[in-house]
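Reading the structure
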Amino acid sequence: MKAIMLMFDSLNRHMLPNYGCDWVKAANFERLAEKTVTFNNCYAGSLPCMPARRELHTGRYNFLHRSWGSLEPFDDSMPELLKKNGVYTHLVSDHFHYWEDGGATYHSRYNSWEFSRGQQGDPWKGHVKEPDIPECENPRKISLDNWKQDWVNREYMNSEDKQPMAKSFNKGLEFIETNCEEDNWFLQLETFDPHEPFFTQQKYKDLYPHDYKGKHFDWINYNVVTESKEAVEHMRYEYAALVSMCDEYLGKVLDMMDKNNMWEDTMLIVNTDHGLLLGEREWWGKNIQPYYNEIAQIPFFVWDPRSKVKNERRNALVQTIDIAPTLLDLFGVEIPKDMEGKPLKETVESDKKIRDAALFGVFGAQVNCTDSRYIYMRGPVSRQNDPLFEYTLMPTRMRSMYSVDDLSDIQLQEPFDFTKSCRVIKTKAKAWVSPFNFGSPLYDLENDPMQENPIENFEVEQKMIEYMAALMKKNDAPQEQFERLGIPKNGKITIDELKKQREARQKANEVDLGVDVEWEESAKLIYWAIMRMMPKQRVMSMQQGLVNLVKKSNIQVITEKSILGFAKNIFPPDKFSILSGFLKNATRTR
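Here the structure is a predicted model, which means the values were calculated and not measured. (Residues numbered from 1 in each chain as written. Predicted model: local features only at pLDDT ≥ 70, side-chain atom pairs only at ≥ 80, totals over all residues. Heavy atoms only, no water.)

Details of the environment of Asp 448
- Mapped onto the fold, Asp 448 is located in the loop between strand E19 (442–444) and helix H12 (458–474).
- Look at Asp 448 and you get buried, because its relative accessible area is 9%.
- Counting along the chain gives 75 residues from Asp 448 to Arg 373, while the straight-line C-alpha distance between them is 10.0 Å.
- Setting aside residues no more than four positions away along its own chain, Asp 448 makes contact with Tyr 443 and Asn 453. (Helix = DSSP H or I, 4+ residues; strand = E, 2+ residues; numbered from the N terminus. Buried < 20%, exposed > 50% of the residue type's maximum accessible area, 1.4 Å probe, protein only. Contact = heavy atoms within 4.5 Å.)

Description of the sheet that holds strand E2 (residues 37–39)
- With respect to topology, eight strands assemble into an open sheet ordered E5-E4-E6-E1-E7-E10-E2-E11, the strand pairing being mixed. Of all strands in the sheet, those with a lone pairing partner are strand E5 (112–115) and strand E11 (312–314), marking the two edges. The average undirected angle you get between the axes of adjacent strands in this sheet is 15°.
- Pairing of strand E4 (residues 88–93) with strand E6 (residues 185–190) involves six bridges; the strand directions are parallel. Note that in E6 the partner of Leu 91 across the bridge is Gln 188.
- Against the sheet, helix H5 (residues 164–179) engages strand E1 (2–8), E4, E5 and E6, with an angle of about 165° to E6. (Pairing = 2+ DSSP bridges. Axes fitted to C-alpha atoms, helices over the stretch in contact; angles between N-to-C directions.)

Let's talk about empty space enclosed by the protein
- Counted under the stated rule, the structure contains five cavities of 30 Å³ or more.
- Its boundaries defined by the atoms lining it, the largest cavity holds a volume of some 80 Å³.
- Gly 118, Gln 119, Gln 120, Asp 150, Arg 154, Met 157, Gln 163, Pro 164, Asp 193, Pro 197 and Phe 199 are the residues that line the largest cavity.
- A class-by-class count of the residues in the lining of the largest cavity yields four nonpolar, four polar and three charged.
- The greatest single-element share of the lining of the second largest cavity, amounting to five residues, is contributed by helix H15 (residues 521–533).
- By residue class, the composition of the lining of the second largest cavity is eight nonpolar, two polar and two charged. (1 Å grid on protein atoms, 1.4 Å probe; cavity = no way out; pocket = protein on both sides within 12 Å on 5 of 7 lines; lining within 4 Å. Points joined across faces, edges and corners; volume = space filled by probe spheres on them. Nonpolar A, V, L, I, M, F, W, Y, C, P; charged D, E, K, R; others polar.)

Quick notes on the nonpolar core
- The biggest cluster of nonpolar side chains holds 84 residues, and the ones touching the most others in it are Phe 186, Phe 300, Leu 359, Met 468 and Met 472.
- If one sorts the elements of this core by residue count, H12 sits on top with eight residues.
- Ignoring anything within four residues of it in the chain, the contact list for Phe 186 reads Ala 3, Met 5, Met 78, Leu 82, Val 87, Tyr 88, Thr 89, His 90, Tyr 110, Leu 327 and Phe 331.
- Formed by 56 residues, the second largest nonpolar core is a distinct cluster that contains Leu 187, Tyr 208, Tyr 212 and Leu 254. (Core = buried A, V, L, I, M, F, W, Y, C linked by side-chain atoms within 4.5 Å.)

The quantities given are spatial measurements derived from coordinates; they are silent on function.
The structure is reproduced here in structure tokens:
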């Protein structure tokens, strides 16, 4: 047997013809559906990029114990298990996060690997001189800004064959062509596209003619939509153009499989890590709470040469964690006991149900649970979102190692079930935006598929909490995760307790500064977000500064605009440019 996993990044299910989109041009995705089983109910687990890839290796949820980081010494890595059992594994990717501190242990689990440089401001080409950057609609402004570097890189990608996606697929196709007559190999071919920036060549843009006369705009900020309707439409067309480029290269893999008659003995998996908001719900990006289905529900396709089922759809609830055990099962490798996912052989064959419910989320945010009919987004019971700790033996984050301050007060945690008798480092953690404001909404997907109207049904809420607690317990989630969410470990909670928690959350939004002033509701939420971001030693002076402003300016109502103006004056300009999006996100209550 052989296997190919073709992985895209930030591939929106709702922008594919396979899931009802009627305007994005993706003929090869339609062709893919004819050759595979299409899954209607596939959900991400741990978000975003590297947490999802840790799930690909380990077949278990990542987000209850730690955020973005490396593979751990105790992790069961699917490619490494294949390698140790005589299956050759090869990684081809242009996903530049593999080269950063928080992703550096992944690629070395394979027999061999190849990378293509240049995606999203990857620090690739060295230019001391400032690049020529056109005036842009919404310049990218984030910490460790890669905006300028991206414009340097683009100078070296002035034709399609020089773009990282094209390079990666060509390397993947070379591997397939070289080894198609061999047996026992697994190819993971992944591209960072269609992740932003939505940079592609004119031939793909020409597929979506539209009248846009604004500034250059192909890179979203993860923030509220402030752009015009025309700019939002333009950005969606830019994303669609990149999806069409992805479709073009998907077709090359399908052609290669046709040419070499590989459908007889080669599994094909096509997947992504998560979706992306493109102006839906008035927001841009993927790290935007709450994690609605535009982000969490993902496209997923499988061809299994053992059953040869194709051009059919499956409704069973599946997740990213199922990929590792599915591949191990294909090659006859024993599935480790710590993998929570299930092999999909029988689900592909006959839509066999493999779980009643699934979890998904981001470390420190709401913990979300779905049983396909309902989605329950459980938030913390306190604004402080405490207690919250991270557990690791590989103290790295996205682009850095843990700081000395992070490590100055560490504890040693006794082993979890899955750490193979290893104690781990326990460090105090804090989420950027407390999910407290979002509460714990419940959605009925059958009657409200767009998740527009949360329902009140305490009996269903109790059932979803039981599912959630059971899955958390199976994951050996830390005790404080149950405390943070205000649910017992056995999942049993009374309706009276749920009502009390709801009432307490409503009261917690009130602000009392000892002055007679009214507050807009959104301004209260921003105030509490500022409190979370402010160092403890500065809280009292910050509050006094706000009191002085109210008295001096004779303010009668603290509005969202006025509290943001206050925040702009208390944070350094470079910090505020980063934090403003988080502060605005704090105003969301759903």
